[in-house]
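# Summary of the model geometry
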Amino acid sequence: MKSVYAIADTIVSPLGFSTAANVAALRKNQTGITKVVDTSIHEHPFFGALIEKTALNAARKGIIEGDQYTKLEQMLLLAIAQLNREQAALDIQKCGVIISTTKGNIDTLRGTATEKSYLTSIAHTIQDFFKLPTLPVIISNACISGGLAIAVAKRMMQAGRYEDMIVVGGDLLSEFTLSGFFSFQAVSDAPCKPFCKHRTGISLGEAAAALWLSSRESLVSENTAVRITGEASINDANHISGPSRTGEGLYRSITNALQEAGVTPDQIDYISSHGTATPYNDEMEAIAFNRIGLQNVPVNSLKGYYGHTLGASALLETILAKQCLLNNEVYASLGFEELGVTPPIAILKENKEIPVQRVLKTASGFGGCNVALILEKGLA
Amino acid sequence: MEDHYKITSFCSIRDQTVYKDGEEYYTNTEAATVKDFAKGVYKHLALNYAKFYKMDDLCKLSFLASEVLSQGIEFPEDTALVLANHASSLDTDRKYQESITNREEYYPSPALFVYTLPNIVIGELSIRYQLKSEGVFFVSESFDADFILQYASILLETQKASQVICGWVDLDSHKYDVFLALISKTGNREANAAELNTIYSKL
């Protein structure tokens, strides 16, 4: 089977407009979550991670001009455009493009009906901007969308459909999704605290990210290569809005991904978990990790830095996992104080420099979906 | 793929009519709403599945198509679900938006919010048939038989699934187009894009 390499990437988030800026912020344990007072999103103040429009406008100046694009489109276009500008070897016209989003321009649903509410409008915007020969494919699969998009891209590349693909993902912090999570009583009244005893729910965030995948080994060297060596996405078949109590779908996703990668649980050096900070999700993940024998592997959730960025989250977190592999460092699970899940897991309480050869990235979402990805450093 | 896999069975729901393997199976032109029509199909199928009543219209139509598809067939646990549509969950999104637009009449409900994701269809079908399997929901302009079948073939050839239920499940302001096909090793129709497109288009 052909190897699929993660070549280059970019992140557009409240913590910065490049992967490097985001890594620098994580090293300082800075969070993008603040107390937001914005009645267009919610009547009362809430904790969330918003991208400031003025900062976004400054970042896109000279790259994405004009007012015809929605905020989400600006974020997505900026992510791809930066990748395109920085990577001379990237020929975007020859790439397959997959877009990952849960709700797209959902903020356009308030008011008069517009084509922008359709997710395909984003695909057209990206196609037109970069003059792509075909319309990008969209994956809308709840909170695992970004990770699933990487898995799907890998599969398509290994089947020989493309040599190069770009996975781009993004979602907004919107009135729509925030009110929905409030209706579930799942929003934290402070910055979210994944896996902590004192966690009370999620913080929402917004972000976009883009990842260039390639099967061309000539683009990488032993020191820069990171491969996607295993992946799986198995449904719980249990409940549409709650995770399985046994973590069955996640357990099977991880098991299948490890098997495909040809590695055992003890060969995993770090887990970048989903860790939304809802009571049920975090408990479920801890159960699944324990069932596999991953309870002693250093694990964190990056939701304390970004909030839950929905369709961007697993993509963003995979990009950062790649940085952990290349830099041999892992970050503290921000917001964590005291273990609040029944089976013990090894939550990272501080940043650490450790050898990182293989990473497990997981995500789970509404509809009982789960995804697991194995990333490994070095050439095949 | 073309040599080994077949289109085992298929079901379409369009214009208040359900078709099974291309033949008219149920019709009710009297039904005023999607909900009423779906209820009629449910009764015709003599089903007893309480979760049906909680579903949004997109899930109901998809569920009913899957019930027709499953007649006389047991889906193995590793039957993958590869679905696509154009309107995502917009039909329910609009209803949910109505519940939050007016701050004086603000009544967001978790029971409705959960259906504002298209992959809930995959969740509902997975629960119904206990499919602990691969699933993905794509959004595109129209049904792309070539793309869907290529992706299904990847899952089959890499042994990530032993069968695939694939199709197009679209609902947009009362207009619906639901089509599901089972791809497995049994059946008379070759599993190729031309054939899949023919059976999708001809009704």
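Keep in mind the model is a prediction, meaning the values are calculated, not measured.

Moving on, we get to the overall build of chain A. Within chain A, the regular secondary structure consists of 10 helices and 15 strands. Here the C-alpha radius of gyration of chain A, 19 Å, is about what a compact globule of 380 residues would show, namely 21 Å. Principal-axis analysis of the C-alpha atoms places the extent of chain A at approximately 55 × 50 × 40 Å. When contacts within chain A are restricted to residue pairs at least 6 apart in sequence, those whose partners lie at least 24 apart make up 77%. A total of about 12800 Å² of accessible surface is found on chain A, and carbon and sulfur atoms cover 49% of it.

Attention shifts here to the interface of chain B and chain A. Taken together, the 50 residues of chain B in the interface contact 54 residues of chain A. Of the roughly 4300 Å² buried between chain B and chain A, counting both surfaces, carbon and sulfur atoms make up 60%. At the boundary of chain B with chain A, the tally comes to 6 salt bridges. Across the contact surface, chain B and chain A share 27 residue pairs in polar contact (both at pLDDT 80 or more). Of all the elements, helix α3 (residues 90-101) of chain B adds the most residues to the side of chain B that touches chain A, at 7 residues. A breakdown of the residues in the side of chain B that touches chain A according to their chemical character gives 24 nonpolar, 16 polar and 10 charged. Judged from the 2 bridges that link them, strand β5 (residues 137-139) of chain A and strand β5 (residues 135-139) of chain B form a sheet pairing that is antiparallel. If you follow A:I139 over to β5(B), its bridge partner there is B:F138.

Residues and elements named next belong to chain A. Mapping S244 onto the fold places it in the loop between β9 (226-232) and α7 (248-261). A distance of 3.1 Å separates a polar atom in the side chain of S244 from a polar atom in the side chain of T246. Within the structure, the side chain of S244 is placed 3.2 Å from the backbone nitrogen of E248, a separation counted as a polar contact. Every residue in contact with S244, bar those within four places of it in the chain, is listed here: D236, N238 and M284.

Nonpolar side chains in soluble globular proteins tend to end up buried together. One finds A:I126, A:L213, B:I13, B:L64, B:F138 and B:L196 to be the most contacted residues of the largest nonpolar core, which totals 191 residues. Taken together, domain 1 (5-218) and domain 2 (224-377) of chain A each give at least three residues to this core, which thus spans both. Residue contacts for B:L196: discarding those within four places in its chain leaves B:I7, B:F143, B:A145, B:L149, B:C166, B:F179 and B:A181. Counting residues in each nonpolar core, the second largest holds 25 residues, with A:F195, A:A261, A:V341 and A:A372 among its members.

Attention now goes to the domain arrangement of chain A. Residues and elements named next belong to chain A. Here chain A is partitioned into domain 1 (5-218) and domain 2 (224-377). Computed over C-alpha atoms only, the centres of domain 1 and domain 2 are separated by 20 Å. Taken together, the contacts link 65 residues of domain 1 with 64 residues of domain 2. Across the contact surface, domain 1 and domain 2 share 8 salt bridges. Among the ionic pairs, E260 bridges to K154, the shortest N-O distance being 3.1 Å. Counting across the interface, domain 1 meets domain 2 through 29 residue pairs in polar contact (both at pLDDT 80 or more). Breaking the side of domain 1 that touches domain 2 down by element, the ones donating at least two residues are β1 (5-12), α1 (19-27), α5 (145-158), β6 (164-171), α6 (175-183), β7 (204-205) and β8 (207-214). Per-element tally for the side of domain 1 that touches domain 2: the top contributor is α5, with 8 residues. Taken together, the residues that form the side of domain 1 that touches domain 2 break down as 33 nonpolar, 23 polar and 9 charged.

It is worth spelling out empty space enclosed by the protein at this point. To find the voids left in a structure, one rolls a probe of water-molecule size over its atoms. As enumerated under the stated definition, the model contains 3 cavities of 30 Å³ or more in all. Its boundaries defined by the atoms lining it, the largest cavity holds a volume of some 90 Å³. Forming the boundary of the largest cavity are A:T102, A:K103, A:A142, A:C143, A:T177, A:F181, A:L310, A:F366, B:F113, B:T116 and B:L117. When grouped by side-chain class, the residues that make up the lining of the largest cavity number 7 nonpolar, 3 polar and 1 charged.

What follows is about the pairing of β9(A). Residues and elements named next belong to chain A. The element β9 is largely enclosed, with a buried count of 7 among its 7 residues. Pairing of β9 with strand β15 (residues 369-377) involves 6 bridges; the strand directions are antiparallel. Residue E231 lies in a different strand from β15, and its bridge partner there is L373.

The next subject is helix α6 (residues 145-157) of chain B. Residues and elements named next belong to chain B. Here α6 contains 13 residues, and its C-alpha end-to-end distance of 18 Å stays within 8% of the 18 Å for a straight helix at 1.5 Å per residue. Most of α6 sits out of view: 10 of its 13 residues are buried. Taken residue by residue, α6 has A145, F147, I148, L149, Y151, A152, S153, I154, L155 and L156 as its buried positions. Two residues or fewer after α6 comes Q159, characterised by a positive phi angle close to 60°.

Turning next to unusual backbone geometry. Residue B:Q130 is not a glycine yet carries a positive backbone phi of 50°. At B:S173, a position not held by glycine, the phi torsion is positive, near 45°.

One pair of aromatic rings is described through two measures. These are the centre distance and the angle between the planes. Taken as a whole and judged by the stated rule, the model has 24 aromatic pairs over all chains. Taking the centre distance of 6.3 Å and the plane angle of 50° together, the rings of A:F176 and B:F113 count as tilted. Taken together, the residues span two chains, with A:F176 in helix α6 and B:F113 in helix α4 (residues 110-113). Across the pair, exposure class does not vary: A:F176 and B:F113 are buried alike. Arranged with centres 6.3 Å apart and planes meeting at 65°, the rings of A:F184 and B:F113 form a pair that is edge-to-face. Taken together, the positions of A:F184 in the loop between α6 and β7 and B:F113 in helix α4 put the pair across two chains. Across the ring face of A:Y251, the terminal group of A:R291 is positioned such that the distance to the ring centre comes to 3.9 Å. Lying across the ring of B:F52, B:K60 places its NZ or CZ 5.3 Å from the centre.

On to helix α7 (residues 193-201) of chain B. All names here are of chain B. Among the residues of α7, those classed as buried are L196, I199 and Y200. Mapping the buried residues of α7 onto a view down its axis gives an arc of 105°, with all of them on the same face. Taken together, the buried residues of α7 touch β1 (6-14), α6, β6 (163-172), β7 (175-184) and β8 (189-190). The backbone nitrogen of A194 lies 3.3 Å from a side-chain oxygen of the residue at the head of α7, namely N192.

This paragraph deals with the packing of helix α2 (residues 57-69) of chain B against helix α5 (residues 120-129) of chain B. Residue and element names in this part refer to chain B. Look at α2 against α5: their axes get within 9 Å of each other, and the N-to-C directions meet at 40°. Considering their axes alone, α2 and α5 lie oblique with respect to each other. Crossing angle aside, the handedness with which α2 passes α5 is right-handed. Between α2 and α5, the contacting residues are L58, C59, S62, F63, S66 and E67 on the first element and I120, V121, E124, L125, R128 and Y129 on the second. For the contact of α2 with α5, the class distribution of residues is 7 nonpolar, 2 polar and 3 charged.

Rules used throughout
- Residues numbered from 1 in each chain as written.
- Chains lettered and ligands numbered in written order.
- Predicted model: local features only at pLDDT ≥ 70, side-chain atom pairs only at ≥ 80, totals over all residues.
- Heavy atoms only, no water.
- Helix = DSSP H or I, 4+ residues; strand = E, 2+ residues; numbered from the N terminus.
- Rg over C-alpha atoms; globule rule 2.2 N^0.38 Å.
- Contact = heavy atoms within 4.5 Å.
- Areas by Shrake-Rupley, 256 points an atom, 1.4 Å probe, with all protein chains shown as cover.
- Buried area = accessible area lost by both parts, 1.4 Å probe.
- Salt bridge = Lys/Arg side-chain N within 4 Å of Asp/Glu carboxyl O.
- Polar contact = N/O pair within 3.5 Å; in protein donor to acceptor, adjacent residues only side chain to side chain.
- Nonpolar A, V, L, I, M, F, W, Y, C, P; charged D, E, K, R; others polar.
- Pairing = 2+ DSSP bridges.
- Core = buried A, V, L, I, M, F, W, Y, C linked by side-chain atoms within 4.5 Å.
- Buried < 20%, exposed > 50% of the residue type's maximum accessible area, 1.4 Å probe, protein only.
- Domains from an automatic or database assignment.
- 1 Å grid on protein atoms, 1.4 Å probe; cavity = no way out; pocket = protein on both sides within 12 Å on 5 of 7 lines; lining within 4 Å.
- Points joined across faces, edges and corners; volume = space filled by probe spheres on them.
- Expected span 1.5 Å × (residues − 1).
- Phe/Tyr/Trp six-rings, centres within 6.5 Å; stacked < 30°, edge-to-face > 60°.
- Lys NZ or Arg CZ within 6 Å of the ring centre and 35° of its normal.
- Arc of directions from axis to C-beta.
- Axes fitted to C-alpha atoms, helices over the stretch in contact; angles between N-to-C directions.
- Parallel < 35°, antiparallel > 145°, perpendicular 65-115°, else oblique.
- Left-handed = near helix turned anticlockwise from the far one by under 90°.

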